[in-house]
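Survey of secondary and tertiary structure
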Amino acid sequence: MGYNIPVMEDNLTLYRSMLLIRRFEERLLVEFSTGKLVGTTHTYIGQEADATGIFSVTDAEDVVFSNHRCHGHFLAYGGDAYLLAAELMGRKTGLVGGRGGSQHIHWRNFYTNGIQGGIVPVATGMALAEKAHNTGKVVLVFTGDGTLGEGVLYESLNIAALWKLPILVVLENNRYAQTTPVEKGVAGSMAARFEAFGIPVWERDTTDVLEIRSTAREAISAVRSGAGPASMILHTYRFSAHSKGDDPRTPKELARIRRFDPLTVHGMRLTDPECTKAESEIKAIIDEAFSRADADPFPSLGVIH
Ligand SMILES: Cc1ncc(C[n+]2csc(CCOP(=O)(O)OP(=O)(O)O)c2C)c(N)n1
Ligand SMILES: [Mg+2]
C-alpha cells in the first residue's frame, strides 16, 4: 500500500517501538514549556507495552479507534513521528492539517476521539461494516478504566455480541481516571462486565510486552475467526500525570510503580550496546521530527488542504 508499517517480531524491534513512544512523549512534555504545542496532551508513558504488544500481532489493514491518550497507540501502529509532531504543533503538514491536535487524529485506518466512550459505538458501527463487506479486518477500540462509567459502552457491547461483530475492546486499566483511583470509580468486576454479554475476556496484570503480545495474538485470532467480539483487560501503570500537571499520587507511589517500567522489564532481554544504539537512533528520529515540524507553516483559516 506504499505505507511503511513496521513488522515487530524480534525483541529489539519491540523495544525500539516502546522507546520511540517514551522519548517522543518526554520530548512533548518539554516542548510544552516552550509554548510550541497547541491544546493539551495525555501521555502514554508507562503503558507502552500494551500498544506495542498488540500492534505487533495485528494486520496492517485492521481498523483502530483510539482515545485521548492516543500518541502511543499511533506510534506503535506504525504512525510517523514527524506527522504527529507537526499535528501537535498545529502545522499545516500535520496528520489532519493541524486542526485535530493531540486527541483527534487520523491516518490510514487509525482514528481517535477525545470523548470518553464516544468512540466505542463508532468502532462498533465500523465492525458491522467490515462484517457486511466480509473484509476479514478486525476493529480494535481502546478504552480506559474510567470509560467503564459510560453507558454507551454497554449498549455497544450488547449489539457487538448479538451481531457477532469483529471487534476487540481493549481496556487499559492504568488504575486512575484523571485523578480518581479505580477503587473509587469502578464497582465489582471488570471482566464480569464483558462476560455478562457473553464476550470472552483475556485479562493480564503485566507490563511485559511479550506477555501482552501473546495474549493479543490469542484474542485477535479469536475475533478474526468469526467468533464475535472479544476483550482484553490490561492492568498497567501510567507514570506521568493525567495530562500535564494533574496527579494526586505521592512520590512514594510513583517510585513504587516505576519498578514495573516496561522498558526495564523488556530491556533485560537485550545487550547494553543494543539499548545504547536504539537510544541514539530514536533520538535522531525525534530530533528530526520536531525540528522539521517546527519549520513548517501554520494552516490558513480557510479550507483544509
Ligand atoms: C464524556 C467525557 N467526559 C469527561 C471527559 C474528560 N476526561 C478526559 S480523560 C478522562 C478520564 C479517563 O479515564 P480512563 O478511561 O481511565 O482513561 P485514562 O485517562 O486513564 O487513560 C476524563 C474524565 C471526556 N473526555 N469525555
Ligand atoms: Mg485510567
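Details of the structure are given in the entry above.
So, how was this worked out
- Residues numbered from 1 in each chain as written.
- Chains lettered and ligands numbered in written order.
- Predicted model: local features only at pLDDT ≥ 70, side-chain atom pairs only at ≥ 80, totals over all residues.
- Heavy atoms only, no water.
- Helix = DSSP H or I, 4+ residues; strand = E, 2+ residues; numbered from the N terminus.
- Rg over C-alpha atoms; globule rule 2.2 N^0.38 Å.
- Buried < 20%, exposed > 50% of the residue type's maximum accessible area, 1.4 Å probe, protein only.
- Areas by Shrake-Rupley, 256 points an atom, 1.4 Å probe, with all protein chains shown as cover.
- Lys, Arg positive; Asp, Glu negative; His and termini not counted.
- Charge placed at Lys NZ, Arg CZ, Asp CG, Glu CD.
- Near = heavy atom within 4 Å.
- Polar contact = N/O pair within 3.5 Å; in protein donor to acceptor, adjacent residues only side chain to side chain.
- 1 Å grid on protein atoms, 1.4 Å probe; cavity = no way out; pocket = protein on both sides within 12 Å on 5 of 7 lines; lining within 4 Å.
- Sits in = over half its atoms within 2 Å of the grid points.
- Pairing = 2+ DSSP bridges.
- Contact = heavy atoms within 4.5 Å.
- Axes fitted to C-alpha atoms, helices over the stretch in contact; angles between N-to-C directions.
- Parallel < 35°, antiparallel > 145°, perpendicular 65-115°, else oblique.
- Left-handed = near helix turned anticlockwise from the far one by under 90°.
- Donors = N, O, S within 2.8 Å, 3.2 Å for Na, K, Ca; no water.
- Points joined across faces, edges and corners; volume = space filled by probe spheres on them.
- Nonpolar A, V, L, I, M, F, W, Y, C, P; charged D, E, K, R; others polar.

**Details of the overall build of the protein**
- The helix and strand inventory of the protein stands at 12 helices and nine strands.
- Radius of gyration (C-alpha) of the protein: 19 Å, near the 19 Å computed for a compact globule of 305 residues.
- Here the C-alpha coordinates of the protein stretch approximately 50 × 50 × 35 Å along the principal axes.
- Every one of the 305 residues in the protein was classed for burial, and the buried ones make up 52%.
- Total accessible area on the protein stands at roughly 13000 Å², and carbon and sulfur atoms take up 56% of it.
- Taken as two groups, the 31 positive and 36 negative side-chain charges of the protein have centres that lie 2 Å from each other.

**Remarks on the site of ligand 1**
- Taken together, 15 residues are adjacent to ligand 1, and His68, Arg69, Gly114, Gly146 and Asn174 come closest.
- At 2.8 Å, a backbone N or O of Gly114 approaches a nitrogen atom of ligand 1.
- Asp145 places a side-chain nitrogen or oxygen 3.0 Å from an oxygen atom of ligand 1.
- Put simply, ligand 1 lies in the second largest pocket.

**Some details on the sheet that holds strand β9 (residues 230–235)**
- Judged by pairing direction, the sheet is mixed, and its seven strands sit side by side in the order β2-β3-β1-β4-β5-β9-β8 without closing on themselves. Bordering the open sheet on either side are β2 (106–107) and β8 (201–205), each of which pairs with just one other strand.
- As paired strands, strand β4 (residues 139–144) and strand β5 (residues 167–173) are joined by six bridges and run parallel to one another. Residue pairing across strands places Val141 opposite Val169, the latter belonging to β5.
- Lying on the sheet, helix α9 (residues 209–227) is in contact with β4, β5, β8 and β9; it crosses β9 at an angle near 165°.

**Looking at the packing of helix α1 (residues 11–34) against helix α2 (residues 48–55)**
- Contact geometry of α1 with α2 gives a least axis separation of 9 Å together with a crossing angle of 135°. Between α1 and α2, the angle is such that the two are oblique. Between α1 and α2 the crossing geometry is right-handed. The residues of α2 that touch α1, namely those facing Leu14, Ser17, Met18, Ile21 and Arg22, are Glu48, Ala49 and Thr52.

**Let's talk about the coordination of the magnesium ion (ligand 2)**
- On the protein side, the magnesium ion (ligand 2) has Asp145 (OD), Asn174 (OD1) and Tyr176 (O) as donor atoms, found 2.1 to 2.2 Å from it.
- All donors of the magnesium ion (ligand 2) come from a single chain, and their spacing in sequence reads D-x28-N-x1-Y. Pair noted here: Asp145 is in the loop between β4 and α6 (151–162) and Asn174 is in the loop between β5 and β6 (176–177), with a separation of 29 residues, a long-range link. Exposure class is identical for Asp145 and Asn174. Each is buried.

**Things to note about helix α4 (residues 81–88)**
- By the criterion of burial, α4 is predominantly enclosed, with seven of the eight residues buried.
- For α4, the secondary structure elements touched by its buried residues are α1, α3 (71–77) and α12 (272–294).
- N-cap assignment for α4: the residue whose side-chain oxygen lies 2.9 Å from the backbone N of Tyr82 is Asp80.
- Trailing α4 by a residue or two, Gly90 shows a phi angle of about 70°, which is positive.

**Focus: unusual backbone geometry**
- Located in the positive-phi region is Arg108, a residue other than glycine, with phi close to 50°.
- By the element assignment, Arg108 lies in the loop between β2 and β3 (110–112).
- Phi at Gln178 is positive, roughly 60°, even though this residue is not glycine.
- In this fold, Gln178 is placed in the loop between β6 and β7 (180–181).

**A few points about empty space enclosed by the protein**
- Across all of its chains, the model carries two cavities of 30 Å³ or more by this definition.
- Taken as a whole, the second largest cavity encloses approximately 40 Å³ of empty space.
- Surrounding the second largest cavity, Asn67, Ile115, Gln116, Gly117, Ile119, Phe142, Thr143 and Thr147 form its lining.
- Considered class by class, the residues forming the lining of the second largest cavity number three nonpolar, five polar and no charged.

By themselves these figures say nothing about function.
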